[in-house]
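Residues per chain are reported as follows:
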Amino acid sequence: MSDRRPSECWLTDMDGVLVHEGQALPGAADFLQRLVDRERRFLVLTNNSIFTPRDLAARLARSGLQVPEEAIWTSALATADFLAAQLPGGSAYVIGEAGLTTALHEAGYTITDTDPDYVVLGETRTYSFEAITRAIRLVEAGARFIATNPDVTGPSAEGSLPATGSVAALITKATGAEPYFVGKPNPMMFRSALNRIDGHSESTTMVGDRMDTDIVAGIEAGLETVLVLTGSTRAADVTRFPFRPGRVVDSIADVIDLV
Ligand SMILES: [Mg+2]
């Protein structure tokens, strides 16, 4: 780790860092409390675009973690932010859930299936053949193709679920159009998060559990990075990557004293 001063701002991934399958990980509550006690500005990040920040805050509360909805940043919010900056007051055909449609509405977007500026794909559990057909035809007709995040599968108790990246691949195969993915590992996700909390890259630390999303995007965004080993990355895997995090620790409990 560099000899930078303690970070004023913190970005932390949610799954695999603070929670795992709905359970708070040891140290997560104390870490969040330390951020509050030290008056650090922070956001909890997730690539999951299904839920609104309010829904996620309630889910975290059931796990025993108190995170205000204002401190949650999803790929849906990052996507809405990005589109509002690119084309203010635009329109979109959306395949996704409340997390995405709410974010787009609040960003001043109109949701329509007639001649939209964008087709925006997010996470949902109710993909329909009809909706995908509509999306394909709109992209063919010239709508620009955006997706919240490139993850191809998501976890569930029963096994993998096809996620946004897999459905995007279906639309790409049909149309030849590649989407622009806004969520991790696109550092755009962190840039918009920093904007939200008025943070700066040189005084911000990112905590994550994945080398190929959290850590690489953190490095590209110029953040200090901390990898925790409570999620998808094992210690032996770290050296396989052509980049390295600033610090590797066992769990979020080891990050408390860095705040
Ligand atoms: Mg994670």
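Thresholds applied
Residues numbered from 1 in each chain as written. Predicted model: local features only at pLDDT ≥ 70, side-chain atom pairs only at ≥ 80, totals over all residues. Heavy atoms only, no water. Donors = N, O, S within 2.8 Å, 3.2 Å for Na, K, Ca; no water. Helix = DSSP H or I, 4+ residues; strand = E, 2+ residues; numbered from the N terminus. Buried < 20%, exposed > 50% of the residue type's maximum accessible area, 1.4 Å probe, protein only. Phe/Tyr/Trp six-rings, centres within 6.5 Å; stacked < 30°, edge-to-face > 60°. Lys NZ or Arg CZ within 6 Å of the ring centre and 35° of its normal. Polar contact = N/O pair within 3.5 Å; in protein donor to acceptor, adjacent residues only side chain to side chain. Contact = heavy atoms within 4.5 Å. Core = buried A, V, L, I, M, F, W, Y, C linked by side-chain atoms within 4.5 Å. Domains from an automatic or database assignment. UniProt positions renumbered as here; feature names shortened; annotations may be inferred.

Draft legend 1. The arrangement of the coordination of the magnesium ion in detail. Taken together, Asp13 (OD), Asp15 (O) and Asp209 (OD) make up the protein donors of the magnesium ion, found 2.0 to 2.2 Å from the metal. Going along the chain, you hit the donors of the magnesium ion in the pattern D-x1-D-x193-D. In this pair, Asp13 sits in strand 1 (residues 9-13) while Asp209 sits in the loop between strand 13 (204-208) and helix 8 (211-220), placing the two residues 196 residues apart along the sequence. Exposure class is identical for Asp13 and Asp209. Each is buried.

Draft legend 2. How the structure looks around the packing of aromatic side chains. For the coordinates displayed, the defined rule picks out four aromatic pairs. Plain terms: the ring middles of Trp10 and Phe31 are 6.0 Å apart, the flat faces sit at 75° to each other, and that makes the pair edge-to-face. Taken together, the positions of Trp10 in strand 1 and Phe31 in helix 1 (residues 28-37) put the pair 21 residues apart, joining distant regions of the chain. Like Phe31, Trp10 is buried. The ring of Tyr118 carries the charged tip of Arg144 above its face, separated from the ring centre by 5.0 Å.

Draft legend 3. Here's a closer look at the side chain of Thr172. With respect to the element layout, Thr172 can be found in helix 6 (residues 164-175). From its side chain, Thr172 meets the backbone oxygen of Ala177 in a polar contact 2.9 Å long. Aside from chain neighbours lying at most four places away, what touches Thr172 is Phe145, Ala177, Glu178 and Pro179.

Draft legend 4. Local environment of the nonpolar core. Counting 31 residues, the largest nonpolar core has Leu11, Leu45, Trp73, Leu83, Leu104, Val120 and Phe190 as its most contacted members. Going through the elements one at a time, strand 1, strand 4 (41-46), helix 3 (75-86), strand 6 (91-95), helix 4 (98-106), strand 8 (118-121) and helix 7 (188-196) are the ones with two or more residues in this core. Among the elements that line this core, the one with the most residues is helix 3, at six residues. In this structure, this core is formed jointly by two domains, domain 1 (9-47 + 184-258) and domain 2 (79-181), each of which donates at least three residues. Those residues in contact with Leu45 that lie beyond four places of it in its chain are Leu11, Thr12, Asp13, Met14, Trp73, Met189, Phe190 and Ala193. Formed by 26 residues, the second largest nonpolar core is a distinct cluster that contains Val19, Ala28, Leu32 and Leu56.

Draft legend 5. Broad picture of the UniProt feature "binding site: substrate" (unreviewed entry) in the protein chain. If you check UniProt for "binding site: substrate" (unreviewed entry), the listed places come out as Lys184 in our numbering. Note on placement: Lys184 falls in the loop between strand 12 (180-181) and helix 7. If we ignore the near neighbours within four places in the chain, the residues touching Lys184 are Asp13, Asn47, Pro150, Asp151, Met189, Phe190, Thr213 and Asp214. A polar atom in the side chain of Lys184 sits 2.7 Å from the side chain of Asp13.

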